[in-house]
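For reference, the chains in residue letters:
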Amino acid sequence: MREGVRIGFVPTMGALHEGHRALIRAARLRCDALVVSIFVNPKQFGPQEDLVKYPRPISQDRALCRKEGVDVCFEPTVEAMYPSGFQTMVTLPMIARRWEGEVRPHHFTGVATVVTKLFGIVRPRIALFGQKDFQQSALVRQLAKDLNLGVEIVVCPTVREADGLAMSSRNIYLSPDDRIRAATLYKSLQAGAEVIRRGVTDGETVRSAMVRVIKNEPAVTIDYLAVCDPTTLDPLSSVTRQAVLLGAVRIGATRLIDNILVSAKQARRSFE
Ligand code: AMP
């Protein structure tokens, strides 16, 4: 099967939206047979997190998959994925150590473990992930390389609402007022990008520009805002080439993450 048919794979937790649809469409163009998994993976949720209330509109999800020409909608049960006696966990201590990993201590071990299992079951030639979860896509790339999983990892751009808010299955948790405030995170990232584009290289100055935007919206609190190297995710004291601006905020009980990639003015000029 694997030699002849090029299997494309889009792993999801369901509650599919336009961001997922974009991944599915991008995958459809690159493979013979397309598998989408829908699995709310308990191992990537912390004890105080939203595992129980995570939305599960399964018939809508199936309809979207059907409409987009998905060949297999794989919906394993928790018991099938983690039968009693299951014990192997996959960890990436460097990538998982900061940002999301710091706020959500076991999250990336859960992600790496489920992705490894899903790759083992589906055996894809190509798998697509969203830039929206930047640290997760870095982790998956590293994982596929380190463990010789033989799968090409493609990362697709973040799909946004009209006001810039990154689409997310969790956006439905936002009250109407908080939904309006939620666009502040993207505005903050844009403010940082603008400072870099104007030629500022000092990482702390860029970060301060991002922080200022969030502080203007008292209902929004910062988990982290960071100016990082896109490969290592280490904070940059000086932005001389590319940077990824990472952000995570809380609005009431809802946590939002987002990021944008930006090229330093000097680096851009040298390519022009
Ligand atoms: P999830 O169902 O939230 O676990 O996401 C499944 C896949 O969809 C992951 O690779 C996400 O990064 C990706 N994804 C989620 N939201 C978006 C978005 N707004 N734009 C692009 N990809 C996304």
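The rules behind the values
- Residues numbered from 1 in each chain as written.
- Predicted model: local features only at pLDDT ≥ 70, side-chain atom pairs only at ≥ 80, totals over all residues.
- Heavy atoms only, no water.
- Pairing = 2+ DSSP bridges.
- Helix = DSSP H or I, 4+ residues; strand = E, 2+ residues; numbered from the N terminus.
- Axes fitted to C-alpha atoms, helices over the stretch in contact; angles between N-to-C directions.
- Contact = heavy atoms within 4.5 Å.
- Expected span 1.5 Å × (residues − 1).
- Buried < 20%, exposed > 50% of the residue type's maximum accessible area, 1.4 Å probe, protein only.
- Domains from an automatic or database assignment.
- Buried area = accessible area lost by both parts, 1.4 Å probe.
- Salt bridge = Lys/Arg side-chain N within 4 Å of Asp/Glu carboxyl O.
- Polar contact = N/O pair within 3.5 Å; in protein donor to acceptor, adjacent residues only side chain to side chain.
- Nonpolar A, V, L, I, M, F, W, Y, C, P; charged D, E, K, R; others polar.
- Parallel < 35°, antiparallel > 145°, perpendicular 65-115°, else oblique.
- Left-handed = near helix turned anticlockwise from the far one by under 90°.

A. Structural detail: the sheet that holds strand β5 (residues 152–156). Strand order in the open sheet formed by five strands is β3-β2-β1-β4-β5, and the pairing between neighbours is parallel. On the outer flanks of this sheet lie β3 (72–74) and β5, each paired with one strand and no other. Across the sheet, the axes of successive neighbouring strands diverge by a mean angle of 25°, strand direction being ignored. Pairing of strand β2 (residues 33–38) with β3 involves three bridges; the strand directions are parallel. Across the sheet, Val36 pairs through a bridge with Cys73, a residue of β3. Strand contacts of helix α5 (residues 107–122): β1 (7–12), β2, β3, β4 (126–130) and β5, with the helix running at about 150° to β1, the strand carrying the most contacts.

B. Structural context of the environment of Val115. Summarising the element assignment, Val115 is placed in helix α5. Once the C-alpha coordinates of Val115 and Ala144 are considered, the two residues, 29 residues apart in sequence, prove to be 9.5 Å apart. With sequence-adjacent residues up to four places away left out, Val115 is seen in contact with Phe129, Val140 and Leu143.

C. Structural detail: helix α9 (residues 203–215). The end-to-end C-alpha distance of α9, which contains 13 residues, comes to 18 Å, matching closely the 18 Å that a straight helix rising 1.5 Å per residue would cover. Among all positions in α9, only Gly203, Val206, Ala209, Met210, Val211 and Ile214 are buried. Buried residues in α9 make contact with α8 (184–197), β6 (220–228) and β7 (242–251).

D. Geometry of the domain arrangement of the protein chain. Partitioning the protein chain into structural domains gives domain 1 (7–156) and domain 2 (169–263). On a C-alpha basis, the centres of domain 1 and domain 2 stand 24 Å from each other. The interface of domain 1 with domain 2 comprises 21 residues on the first partner and 21 residues on the second. Carbon and sulfur atoms make up 55% of the surface buried where domain 1 meets domain 2, a total of about 1800 Å² over both sides. Considering only the side of domain 1, the residues that lose the most area to domain 2 are Trp99, Glu100 and Phe134, jointly responsible for 36% of the buried surface there. Across the contact surface, domain 1 and domain 2 share four salt bridges. In this structure, the salt-bridge partner of Glu100 is Arg255, at a minimum N-O distance of 2.8 Å. At the surface where domain 1 touches domain 2, the tally comes to twelve residue pairs in polar contact (both at pLDDT 80 or more). Every element with two or more residues in the side of domain 1 that touches domain 2 is listed here: α4 (100–103) and α6 (134–146). Residues of the side of domain 1 that touches domain 2, tallied by class, amount to eight nonpolar, five polar and eight charged.

E. Region of interest: the packing of α5 against α6. One can describe the packing of α5 onto α6 by two numbers: an axis separation of 11 Å at closest approach and a directional angle of 50°. It follows from the interaxial angle that α5 and α6 lie oblique. Of the two elements, α5 crosses α6, and the hand of that crossing is right-handed. Counting all contacts with α5, which are made through Phe108, Val111, Ala112, Val115, Thr116 and Phe119, the residues of α6 involved are Gln135, Gln136, Leu139, Val140 and Leu143. Split by residue class, the contact of α5 with α6 holds eight nonpolar, three polar and no charged.

F. Focus on the pattern of salt bridges. Scanning the entire structure with this criterion turns up 20 salt bridges. A salt bridge links Glu75 to Arg62; its shortest N-O distance comes to 2.7 Å. Here Glu75, found in the loop between β3 and α3 (78–81), pairs with Arg62, found in helix α2 (residues 58–67); they are 13 residues apart in sequence, far enough to count as distant. Looking at Glu75, the relative accessible area reads 30%, which means it is partly exposed. Assessed through its relative accessible area of 37%, Arg62 is described here as partly exposed. The salt bridge involving Asp223 is made with Arg255; its shortest N-O contact spans 2.6 Å.

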